[in-house]
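One-letter residues, chain by chain:
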Amino acid sequence: EIIGFLKNNGFKDICRQFQMETRLDSLVSDFVSTYDIKQVTDTNMLLDWIIPVANAFEAAASDSKKYLKLVENAFNKEKNSFEHFVLYSNNKPISSATLTIINDVARLDNVATVKELQNQGFGKQIISYSIERARNAAAKHIIFESSEAGINLYKKMGFVEINTSSIYSLSEIL
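Residues numbered from 1 in each chain as written. Predicted model: local features only at pLDDT ≥ 70, side-chain atom pairs only at ≥ 80, totals over all residues. Heavy atoms only, no water.

## Details of helix α4 (residues 122-136)
Put simply, the rule reads: Runs of E in the DSSP output that reach at least two residues are strands. Runs of H or I that reach at least four are helices, and both are numbered from the N terminus. Any helix carries an expected span of 1.5 Å times its number of residues minus one. Only protein chains enter the accessibility calculation, which uses a 1.4 Å probe. A residue is then buried if its area is under 20% of the maximum for its type, exposed if over 50%, and partly exposed in between.
Taking 1.5 Å of rise per residue, 15 residues should cover 21 Å, and α4 covers 21 Å from first to last C-alpha, within 8% of that figure. Taking burial as the measure, the 15 residues of α4 include 11 buried ones, the bulk of the element. The complete set of buried residues in α4 reads Phe-122, Gly-123, Gln-125, Ile-126, Ile-127, Ser-128, Tyr-129, Ser-130, Ile-131, Glu-132 and Ala-134. Ala-138, located one to two residues past α4, shows a positive phi value of around 70°.

If you want it as structure tokens, here you go:
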């Protein structure tokens, strides 16, 4: 019923999101870092972290600045539960990820690789690194949302799709 309302009022289905999850003990634990992956330790490093996010999600500069400001605000809170990671190749930020762990559940967000370097294993590296961090923090499950572009990688890594949702917009650009 709501889908019909949206379509009848000019909204377009602009993308699909896939909710994924798995038990961490069901994933192979064979992570070996072949790149320099660093945890963001200060707001200056967030400037590197945002580069792959903005590039991969094709965000306008103004939107990236707004999002970075939100992330900085959360990062600077005393009870910050986010861990942000940046994968570097030749000292350039290539991939980013954010990991949040509450009790025994880890949530992965902002997994991104700069567009020109996608499908070369960088995303798998930062995801595997994040999985190991979650395991080391005693998480038992990991959840996240994937775009259509990333779903095959996640499935190959052993994640299970548990739901699909659509994002609607009055224009094709958010």
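## Comments concerning the packing of aromatic side chains
A ring pair, where both rings are aromatic, is described by two values, the distance of the centres and the angle of the planes. Condition: Ring pairs shown here join Phe, Tyr and Trp side chains whose ring centres sit within 6.5 Å, with only the six-membered ring taken for Trp; geometry is labelled stacked below 30 degrees between planes, edge-to-face above 60, and tilted in between. Charge over a ring is defined by NZ of Lys or CZ of Arg lying within 6 Å of the ring centre and within 35 degrees of the ring normal.
One pass over the structure, following the stated rule, counts 6 aromatic pairs. Summarising the aromatic geometry, the rings of Tyr-154 and Phe-159 are spaced 6.0 Å apart at their centres and angled 85° between planes, so their arrangement reads as edge-to-face. There is no split in this pair, since Tyr-154 and Phe-159 are both buried. Clustering of aromatic rings is evident, with ring pairs tying together Phe-144, Tyr-154 and Phe-159. A cation over a ring is seen here: Lys-38 above Tyr-88, with NZ or CZ 5.4 Å from the ring centre.

## Section: the nonpolar core
Heads up, the rule is: Think of a nonpolar core as a cluster: buried Ala, Val, Leu, Ile, Met, Phe, Trp, Tyr and Cys residues, connected wherever their side-chain atoms sit within 4.5 Å. The contact rule is simple, with two residues in contact once any of their heavy atoms fall within 4.5 Å.
Core analysis: the largest hydrophobic core is formed by 28 residues, its most contacted members being Leu-99, Leu-108, Ile-127, Ile-131, Ile-142 and Phe-159. Mapped by element, the contributors of at least two residues to this core are β1 (12-23), β3 (82-89), β4 (92-102), β5 (105-113), α4, β6 (141-146) and α5 (151-157). Counting residues per element, this core draws most heavily on α4, at 6 residues. Apart from residues lying up to four places away in sequence, Leu-108 is in contact with Ala-97, Thr-98, Leu-99, Ile-127, Ser-130, Ile-142, Ile-143 and Phe-144. Met-45, Ile-50, Ala-56 and Val-86 belong to the second-largest nonpolar core, a separate cluster that totals 13 residues.

None of the figures reported here should be taken as evidence of function without further support.
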